[in-house]
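Architecture and fold: a report
Spelled out, the chains give:
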Amino acid sequence: MKEIDRRIIETFPKFSKDIYWSMDRTLYKICKFDLSTLNRINFLKYVYGLDNVPGLNLPLSLLYDDEIYGYEMAYINGSCNIDEYISVSNKDKDVRKIISSIFEALKEIHKYFIFIDVRNSNILVKDNSAIFIDWDFGIIKGTEDYARSYYRVLTRKYIGTVLEDLVKAFISALSLLYHCDIEFFMTTHNLFDLQSLLESINADKEIIHCVKLFTGLYVYDERVKDFDFTNMFLNVNLPTKKEKELIRERIRHIRK
């Protein structure tokens, strides 16, 4: 662990909200513990104790002054998050391979904890692989701890589930596939609305089938069991230019 006053870190060059450059060109994350501080600190300790989780940017060290308040992480050069990815052209990227990597990484993470705050800005794309960052809102599986997240799809409270993580990863996958912010749509709409949106543009039948699967699980409040979404998009037809334009236009209309 690194002993350093958080007020000193706040004088360092800012990388993004609550994240600062260290002198070693790593990143310092100051966590916001606005729910259960002790549980959050214990969770940071738990993740720090993990040896290797493929697809997860593990902490290099924990930061403390009077108590643990954050962590140090590696800066992943040459990467961008999904929000940044969909804002520019990435014709040289293999979208289906990236999406498969998202679910592969999440499958590994779920061996240890529920990520909770799965969102576009917390998934980096480097080459054709996905890397999850900003994991500090997660909870250990089997606990009833409360945690924050940017938005909720299935759960009505802050207690997350494996299924909730998978649905949010699916939303991020759709954002990559259609090169637009499907996540924004889901912050104000539900899975039934998403199904209608995709049906209105004649999306690939396999994608619509997946949404129906999720809505079925939502309606009947079932737990995800042996579903493996790693290869979900490998046989999906890439959307046409017209499909992309249609879905972007509908989302632009919603923003107004």
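Now for a quick tour of the structure. (Residues numbered from 1 in each chain as written. Predicted model: local features only at pLDDT ≥ 70, side-chain atom pairs only at ≥ 80, totals over all residues. Heavy atoms only, no water.)

**Structural notes on the environment of Gly55**
For clarity, the threshold we go by: In DSSP terms, a helix is any run of H or I states spanning at least four residues, a strand is any run of E spanning at least two, and both are numbered starting from the N terminus. When accessible area is computed with a 1.4 Å probe and restricted to protein chains, residues below 20% of their type maximum are described as buried, those above 50% as exposed, and intermediate ones as partly exposed.
Position of Gly55 among the secondary structure elements: in the loop between α2 (37–48) and β5 (59–64). The partly exposed category is assigned to Gly55, whose relative accessible area is 23%. With 51 residues separating them in the primary sequence, Gly55 and Leu106 have C-alpha atoms 7.6 Å apart.

**Quick look at the sheet that holds strand β3 (residues 19–21)**
The condition that has to hold: DSSP calls a pair of strands paired once it identifies at least 2 bridges connecting them. Contacts are assigned to residue pairs with any non-hydrogen atoms lying within 4.5 Å of each other. Between the N-to-C directions of two axes lies an angle of 0 to 180 degrees, each axis being a line fitted to C-alpha atoms and, for a helix, fitted only over the stretch in contact.
Read from one edge to the other, the open sheet built from six strands follows the order β1-β5-β6-β4-β3-β2, with strand pairing classed as mixed. In this open sheet, the two strands that pair with only one neighbour each are β1 (2–3) and β2 (14–16). Packed on one face of the sheet, α2 meets β5 and β6 (68–73) and runs near 150 degrees to β5.

**A closer look at the nonpolar core**
What counts here: We define the nonpolar core as a collection of buried residues of types Ala, Val, Leu, Ile, Met, Phe, Trp, Tyr and Cys that are connected through side-chain atoms lying within 4.5 Å of one another.
If you look at the biggest cluster of nonpolar residues, it comprises 77 residues, and the most contacted ones within it are Phe103, Phe132, Phe170, Tyr178, Leu194, Leu198 and Phe233. No other element matches helix α5 (residues 162–178), which puts twelve residues into this core. Phe170 has contacts with Phe103, Leu194, Ile207, Cys210, Val211, Phe214, Met232 and Phe233, leaving out every residue within four places of it along the chain. Listed in part, the eight residues of the second largest apolar core include Tyr20, Tyr28, Ile30 and Leu63.

**What about the packing of aromatic side chains?**
In plain terms, the rule: Two rings from Phe, Tyr or Trp (for Trp, the six-membered ring) form a pair when their centres sit within 6.5 Å of each other. Planes less than 30 degrees apart are called stacked, planes more than 60 degrees apart edge-to-face, and all others tilted. Here, a charge over a ring is recorded when the distance from Lys NZ or Arg CZ to the ring centre is within 6 Å and its angle to the ring normal is within 35 degrees.
Within this structure, the stated rule accounts for 13 aromatic pairs. Taking the centre distance of 5.4 Å and the plane angle of 90 degrees together, the rings of Phe15 and Trp21 count as edge-to-face. In this structure Phe15 comes out as partly exposed when scored by relative accessible area, which is 39%. The exposure class assigned to Trp21 is buried, which follows from its relative accessible area of 14%. Taken together, Phe43, Tyr46, Tyr71, Phe113, Phe115, Phe132 and Trp135 form an aromatic cluster joined through their ring pairs. The ring centre of Trp21 lies 4.0 Å from the NZ or CZ of Arg25, which sits over that ring. Residue placement shows Arg119 over the ring face of Tyr150; its charged tip is 3.9 Å from the ring centre.

Any functional reading would require information beyond the geometric quantities listed.
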